[in-house]
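Inside the fold
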Amino acid sequence: MKRIGVLTSGGDAPGMNAAIRSVVRTALHHDMSVVGFKRGYNGVLMRSQNQVDDFEILTARSVSDKIHRGGTFLRTARCLDFLDPQVQRQAVSNLHALGIEGLVCIGGDGTYKGADALTNLGLPCIGVPGTIDNDLAYTDYTIGFDTALNTACECLNKIRETSDSHERASMLTVMGRNCGDIALHTALTCGAEICMIPEIPWDIIDVAERVKWGVLRGKRSMIIVFAEGALSSLTTDLEKLCAEHEELHDIVPHHNLITSSQIAMIIEKLSGHETRSTVLGYIQRGGSPSARDRLLATQLGAHAADLLAMDRSGLAVGVRGTNLIEVPFADVQKGEHTADSGLADLVDIMAVIRN
Ligand code: F6P
């Protein structure tokens, strides 16, 4: 290949810039030129008024001073109509017109679906896992997860100090979509007492009981980590609960629209212990990537460019143990991410609430 493209798509993740840098410099090493597309697949579809805003040639210099920066300098977006085959064909035709022979797509599951479709239409693609969620089963880690985890930890350390001073319980909601990895790892590394994740069923009465027990045991703060997707694994019948506890009527006006802050309020009512809620949100998406994420991004970006230089495509790169791997896109979709139940058990063991 003489010319390849690179783009970032989906939610931004710390380390995406380091991955772009690595793709560019490795491609240059293989005598391939690189075009960077902006706003994910939107750039390939050339949807801006001005082409300079859709793509640019990337040189070794264009990616200097980027490895330590959060976000993505190519910018990112979700492009829902990229599922349309007509739109995909337009993308392939645009890429061919620019002389692009291969494309590195950095992002998560949605990004890979687009890359798979382009490959099947004759435009060879490689996927690089860039998402804080760590929700891709084929790879141990995704770029951005480690930084998001460190950010969540730093924030939770601060929350614990205030919780401790006021002798309150605190519930921290972290991101992760349908994956509990950020929550579980944050809970373990910060010594949280309770963690709710989408992969493991939980009951709100049991959580409230554990808060009560913790307080009785003399814990000054009770830290609860809540994965944003954990409502899906709540087993409690909230309607029944509300019928039994009149004071909950105001808190749960529409059960299917309950927020994590309302969950914290229910825990407070049931446990009788003041419980505050903090939703971390985008704080965990931004920020300078950790050393581990910079390293992973550099290795995976280089691996992706190496594969294209060898005329290999239709693959997603990743890491298993200490090995760099590549798997066909079809296999990425097959695997379902599962939570490490051993880690979940460790949260309970470390919390020492009941024994
Ligand atoms: O996939 C990354 C992620 O931050 C998820 O954890 C979260 O559910 C989602 O993106 C939020 O998306 P948006 O960028 O639309 O706010």
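Here the structure is shown first, and the text comes after it.
First, a word on what this report is: a plain description of the structure on this page. (Residues numbered from 1 in each chain as written. Predicted model: local features only at pLDDT ≥ 70, side-chain atom pairs only at ≥ 80, totals over all residues. Heavy atoms only, no water.)

Quick word on the site of the ligand
Taken together, Arg 78, Thr 131, Ile 132, Asp 133, Met 175, Gly 176, Arg 177, Glu 228, Tyr 282 and Arg 285 make up the full set of residues adjacent to the ligand. Within the side chain of Arg 177, a nitrogen or oxygen atom sits 3.2 Å from an oxygen atom of the ligand. Compared with its free state, where it exposes 400 Å², the ligand has 75% of that area covered by protein. The pocket occupied by the ligand, as judged from atoms lying within 2 Å of grid points, is the largest pocket. (Near = heavy atom within 4 Å. Polar contact = N/O pair within 3.5 Å; in protein donor to acceptor, adjacent residues only side chain to side chain. Areas by Shrake-Rupley, 256 points an atom, 1.4 Å probe, with all protein chains shown as cover. 1 Å grid on protein atoms, 1.4 Å probe; cavity = no way out; pocket = protein on both sides within 12 Å on 5 of 7 lines; lining within 4 Å. Sits in = over half its atoms within 2 Å of the grid points.)

A look at the layout of surface pockets
Reported here for the largest pocket is a volume of approximately 940 Å³. Lining the largest pocket are 38 residues, with Gly 108, Asp 109, Gly 110, Asp 135 and Arg 177 positioned closest to its centre. Residue assignment for the lining of the largest pocket shows that the elements contributing at least two residues are α4 (109–120) and α11 (329–334). By residue number, the principal contributor to the lining of the largest pocket is α4, which donates five residues. For the lining of the largest pocket, a count of residues per class yields 12 nonpolar, 15 polar and 11 charged. Approximately 300 Å³ is the volume attributed to the second largest pocket. Residue lining of the second largest pocket: 16 residues in total, with Tyr 141, Arg 292, Leu 296, Val 319 and Gly 321 positioned closest to the centre. At five residues, helix α10 (residues 291–309) tops the list of elements feeding residues into the lining of the second largest pocket. Taken together, the residues of the lining of the second largest pocket sort by class into seven nonpolar, five polar and four charged. (Points joined across faces, edges and corners; volume = space filled by probe spheres on them. Helix = DSSP H or I, 4+ residues; strand = E, 2+ residues; numbered from the N terminus. Nonpolar A, V, L, I, M, F, W, Y, C, P; charged D, E, K, R; others polar.)

Focus: unusual backbone geometry
With phi around 50 degrees, Met 46 is a residue other than glycine that occupies positive phi space. Turning to its location among the elements, Met 46 is positioned in the loop between α2 (41–44) and β3 (55–58). By relative accessible area, Met 46 is classed as partly exposed at 22%. Unlike most non-glycine residues, Asp 65 shows phi in positive territory, near 60 degrees. As for its placement among the helices and strands, Asp 65 is situated in the loop between β3 and α3 (85–97). What makes Asp 65 partly exposed here is its relative accessible area of 49%. (Buried < 20%, exposed > 50% of the residue type's maximum accessible area, 1.4 Å probe, protein only.)

Here we look at the sheet that holds strand β2 (residues 33–37)
Strand order in the open sheet formed by seven strands is β3-β2-β1-β4-β5-β10-β11, with mixed pairing between adjacent strands. Whereas interior strands pair on both sides, the edge strands pair on one side only; in this sheet they are β3 and β11 (323–328). Mean inter-strand twist for the sheet, computed between neighbouring axes without regard to direction, equals 25 degrees. Of the strand pairs in this sheet, strand β1 (residues 3–8) and strand β4 (residues 102–107) are connected by five bridges, and their pairing is parallel. (Pairing = 2+ DSSP bridges. Axes fitted to C-alpha atoms, helices over the stretch in contact; angles between N-to-C directions.)

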